[in-house]
Amino acid sequence: MPNTSARPKHGRRTRRRRREDPARNELVSSSLESAQQCLFNQDYGTAFVHYLLVLNLAPMFKDFARESFRFTLNKWTEELDSVGRIQDLFDCYEQALELFPADEVILNSMGEHLFRMGFRDEAAGHFHKALKLRPDYPEARENFYRVANWLVERWHFLMLNDHGRNRKYQQAIQKAVQSGCNTVLDIGTGTGILGMCAKKAGAADVYACELSKTMYELACEVVNANGMDGSIKILHMKSLEMEVPKDIPHRVSLVVTETVDAGLFGEGIIESLVHAWHHLLLPPQQVPLPPSSSATGRVIPAGATVFGMALESIEIRRHHRICVSEVGNLSIAAAGELRSPVSCSPEPDDSMEPYTTERLSRVPGGYKALTEPFTALSIDFNNVQELEGLSSREVQQIRMPVTQEGELDALAVWFQLHLDEESSLSTGPQEDTCWEQAIYPVHSFVLKPQDELIVEVSCIDAFLRLCSVAVLRDGHEIHLDNRPDAQNPGNPVSNPNPEAELCSALASLQTDQTQTKDFCMLECSEMALLNNQDYHQSFSGALAKLIPQLRAKCQDKERSGDSTDASDLLYVLDVSEGFSLLSLIAASHGHVKAYSSMEKKKQQEVLKRLARSNNVPEQHLEFWLNHTEDEHGMLKRPSREKLWSAIMLDCVETCGLIRQKLMEKASLARCLLEDGGSIFPAKIVVHGILVESDTLLLESAVQGQEATLGFNIAPFINQFTVPVHVFLDFSTLECKRLSEFVELFVLDLMDSTANYTDREVKVQATSAGRITAIPFWYHIYLDQEISVSTLSQNSHWKQAAVVLQQPVEVQAGDWVRLAVKLHKSAMSITAHIEKSPGPMEQ
Ligand code: 44T
């Protein structure tokens, strides 16, 4: 019995209200009825308001109305979303969560909206909460896995598993603290590790700041678990916003930070340190030392040396420029300039990235060094004038002798981080480090051993930029145009695309110069796709088989008088994501009207130009999104009489995962096909292999039972472990193969009844070892004979791998039972040793 006497007023009031308010009861029941009626009439907005009223007035209806309320909320917010009423949408969720604060379905769908709006941190928080409330909720799990990579980037695992790096940082901090640095600020604390090192070394006051909300919360958890919550003050802010005494009471004697990326300056270390020297640190030690130098400040790392090197790499080349002149029997010479978003541009532009990253030791196909490594820059983090002068520093020219003949594709950059006078870390490609190098793709040119390459190093916007500007050959200076793909008269490079050269020469003779300056930006993976001739040839071949079949059928119908349609065109729809030539390839087969779903104007123009130059009639290529208002209408056919002959679906993401909602799209597409029509692909077969790979483990979770530098960190950061590793290069993955390739799963896009969600696969181990992961990829069958593999070396796809929670020990000859599950588009695999094996059972 509740003790009503303890809270007399509240008890009385509640009782009185319930008993004595018939008008209220009336209102509740009539509102409930109205809500249900509105729901029935699909008037979700009004239904939602009625439900809010009912549940606020009569919370006892919450259990009864929960399902309908969720449904209403879902429908109403979908409507608000489609008309762009974003604030109203989030207000609805807030009201819903006030009523149902622990409802995992509402939390998860609010997370989905937040994610779509680009609020990843907040979205992740919602998925995380939903998952904590119901750990077996697959929707929230899938969503959480999708954002976990963004939230807690995978290098956190690498970093914490890099014992060499951890120890070096710890020793440098310990030395500094013991030599008198008593007050410490850790900028970009991540999991809190460097701050904890300082505290453990005996620093009196330790502060830490972290701008990511997820990492800040994680750092608080970690510091708490290590019993330091009272002794390290963690701030959720960017160091640039910190002030003394508002955020920290006094200036500190030591700043520790590892806010460096592969290009050293990409995390803003220059700006952070300039600000720290002006506002957060004690003044630097003067040289020569004045008599009392106790109240001085310093930084760990003390500085860095940046190295560069020119290299040839086909893998980098095919991701950054067009290397072919013909694709799927179409000439692409007239495409105009196609640029990757990463190019060495003399005038920095927001849409361009200065560099990309690559772990050179693992680049597929390897690389060839064309020069020796050279020092591009040295920087002293303890010298504020030097830090400040970096951006205004003059462009530096470096002349490097070419050591090997080869095609110049990129300049690679790495660095040594000098923690103090004695100790440094290196991110070089040859070292045994896990770090990536920064890659600056450059204008292609064939270099010869007697050449000298002139490289320009600049530091505009505190971003390091490297650019190859000229080659000295036989006493002549050959200027390299910084615009990739721009043709340079007199350039002796073997041009893979002479027709393109003619076209651009012709274009530059035109009076309208705007066209020549114009370029179309393609993602690196779109570039690689465009360079993939096999892929396009396969589609062309499959269409060449399908089209005559359908035409013959059509003609039969016409002869028998069945057809009501006068035109004999076939309709083909390409719903690939991003830039795709497939519609044009379809249209080039003749008797086809093809629809492309490409949205970007520039990309549409490229396709139209190519249609013209390949003599495809203009009216045979259309842009589908110019005909429909929203994406829900995307798969609707163009006119009522016509059905699609073929629909091309993009089924695998570049990262190696099946696209979300692929099977839903396929079933919708099937309904829209004419008799005998086809979905491309018709079928996808997932293949995989058992491997032992420590590399994959190191990138997935903090390994081992031992504490990290004596701190308890692993259980916290490992909450962000994701069982599927993406963007993997299987061809260069360091691993021991423990089985042959095995078929894991089949997805039939043409027949929904043929699909299942669970499958058991038995595979025999070919060697002894520990199965730690199962890399997987796809054979994409366009029809029964023609297929493309996402493992092929010229593919634009990477692979993915399931990393097992617990490694499984196997002996050669053992049978391993894999339980493969596909939930929506997420695959999971568990592995067990088969007790009573037998190939007959397979
Ligand atoms: N670097 C490893 C990893 N942050 C760190 O939010 C090191 C990579 C690495 N917080 C080559 C070599 C190495 N104020 O959580 C992030 C980020 C945060 C800040 C507050 C600021 N001004 C910042 C700036 C960044 O700091 C954390 C770490 S930065 C990311 C890189 C051998 N490649």
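Residues numbered from 1 in each chain as written. Predicted model: local features only at pLDDT ≥ 70, side-chain atom pairs only at ≥ 80, totals over all residues. Heavy atoms only, no water.

An unreviewed UniProt entry lists the protein under the name Protein arginine N-methyltransferase 9, from Cyclopterus lumpus. As stated in UniProt under Subcellular location (unreviewed entry), the record for the protein gives "Cytoplasm". For the record of the protein, the UniProt heading Catalytic activity (unreviewed entry) holds the text "L-arginyl-[protein] + 2 S-adenosyl-L-methionine = N(omega),N(omega)'-dimethyl-L-arginyl-[protein] + 2 S-adenosyl-L-homocysteine + 2 H(+)". (UniProt positions renumbered as here; feature names shortened; annotations may be inferred.)

On to the packing of helix H4 (residues 62-82) against helix H5 (residues 86-99), then. At a minimum axis distance of 9 Å, the contact between H4 and H5 shows a crossing angle of 170°. The orientation of H4 relative to H5 falls into the category roughly antiparallel. Seen from H4, the contacting residues are Lys62, Phe69, Leu73, Trp76, Thr77, Leu80 and Asp81; seen from H5, they are Ile86, Asp88, Leu89, Cys92, Tyr93, Ala96 and Leu99. Here the contact of H4 with H5 is composed, by residue class, of 10 nonpolar, one polar and three charged. (Axes fitted to C-alpha atoms, helices over the stretch in contact; angles between N-to-C directions. Helix = DSSP H or I, 4+ residues; strand = E, 2+ residues; numbered from the N terminus. Parallel < 35°, antiparallel > 145°, perpendicular 65-115°, else oblique. Contact = heavy atoms within 4.5 Å. Nonpolar A, V, L, I, M, F, W, Y, C, P; charged D, E, K, R; others polar.)

Once that is clear, we can look at the side chain of Ser253. Among the secondary structure elements, Ser253 is positioned in the loop between strand S3 (232-235) and strand S4 (254-257). Under the relative-accessibility criterion, Ser253 is labelled buried at 5%. From its side chain, Ser253 meets the backbone nitrogen of Asn182 in a polar contact 3.1 Å long. In contact with Ser253, other than residues within four places in its own chain, are Gly180, Cys181, Asn182, Thr183, Leu281, Leu282, Thr296, Gly297 and Arg298. (Buried < 20%, exposed > 50% of the residue type's maximum accessible area, 1.4 Å probe, protein only. Polar contact = N/O pair within 3.5 Å; in protein donor to acceptor, adjacent residues only side chain to side chain.)

Glancing now at the site of the ligand. Near the ligand you find 21 residues, and of these Gly188, Glu210, Ser239, Glu258 and Val260 are the closest. Here a nitrogen atom of the ligand sits 2.9 Å away from a polar atom, N or O, in the main chain of Ser239. Its free accessible area being 720 Å², the ligand has 94% of it covered by the protein chains. Taken together, the residues of the shell around the ligand break down into 11 nonpolar, five polar and five charged. (Near = heavy atom within 4 Å. Areas by Shrake-Rupley, 256 points an atom, 1.4 Å probe, with all protein chains shown as cover.)

Once that is clear, we can look at empty space enclosed by the protein. Under the criterion given, the structure shown has three cavities of 30 Å³ or more. Volume-wise, the second largest cavity comes out at about 80 Å³. Lining the second largest cavity, in full, are Tyr535, Phe539, Ser576, Leu582, Leu649, Asp650, Cys651, Val652, Pro681, Ile780, Val788 and Trp797. Here the lining of the second largest cavity is built from residues that sort into 10 nonpolar, one polar and one charged. (1 Å grid on protein atoms, 1.4 Å probe; cavity = no way out; pocket = protein on both sides within 12 Å on 5 of 7 lines; lining within 4 Å. Points joined across faces, edges and corners; volume = space filled by probe spheres on them.)

Okay, the packing of helix H2 (residues 22-40) against H4 next. To characterise two packed helices, one gives the angle between the axes of the helices and the distance between these axes. Their axes nearest at 11 Å, the elements H2 and H4 cross at an angle of 40°. One way to sum up the angle between H2 and H4 is to call them oblique. With respect to the hand of their crossing, H2 and H4 are arranged in left-handed fashion. Across the interface between the two elements, Leu32, Gln36 and Leu39 from H2 touch Phe64, Ser68, Phe71 and Thr72 from H4. Grouping the amino acids of the contact of H2 with H4 by side-chain chemistry returns four nonpolar, three polar and no charged. (Left-handed = near helix turned anticlockwise from the far one by under 90°.)

In this section: helix H7 (residues 120-133). Think of an α-helix as 3.6 residues a turn; residues three or four steps apart then line up on the same face. Across its 14 residues, H7 extends 20 Å between first and last C-alpha, which sits within 8% of the 20 Å expected from 1.5 Å per residue. Within H7, burial applies to Ala123, Ala124, His126, Phe127, His128, Ala130 and Leu131. Taken together, the buried residues of H7 touch H5, helix H6 (104-116) and helix H8 (138-151). (Expected span 1.5 Å × (residues − 1).)

To continue, consider the UniProt feature "repeat: TPR" (unreviewed entry) in the protein. Per the UniProt record, the feature "repeat: TPR" (unreviewed entry) sits at residues 104-137. In residues 104-137, helix accounts for 79% and strand for 0%; the two terminal C-alpha atoms are 8 Å from one another.

The parallel open sheet is built from five strands, whose spatial order is S3-S2-S1-S4-S5. The sheet terminates laterally at S3 and strand S5 (298-300), the two strands that pair on one side only. Going from strand to strand, the sheet's axes swing by 20° on average, the running direction of each strand aside. Where strand S1 (residues 183-187) meets S4, four bridges bridge the pair, whose relative direction is parallel. Paired with Asp186 across the two strands is Val256, which belongs to S4. Running over the sheet, helix H10 (residues 163-178) touches S1, S4 and S5 and is turned about 160° from S5. Here helix H11 (residues 193-200) sits on the sheet in contact with S1, strand S2 (205-209), S3 and S4, set at roughly 180° to S2. (Pairing = 2+ DSSP bridges.)

The element strand S22 (residues 592-596) is extensively covered by neighbouring structure, given that five of its five residues are classed as buried. Alternating residues of S22 divide into Val592, Ala594 and Ser596 and Lys593 and Tyr595, and every residue in both groups is buried. A crossover links strand S21 (residues 570-574) with its parallel partner S22, the connecting element being helix H20 (residues 582-587), and its sense is right-handed. As defined by bridge partners, S22 adjoins strand S23 (residues 621-623) across three bridges and the pair is classed as parallel. (Right-handed = clockwise from strand over helix to strand, strands pointing away.)

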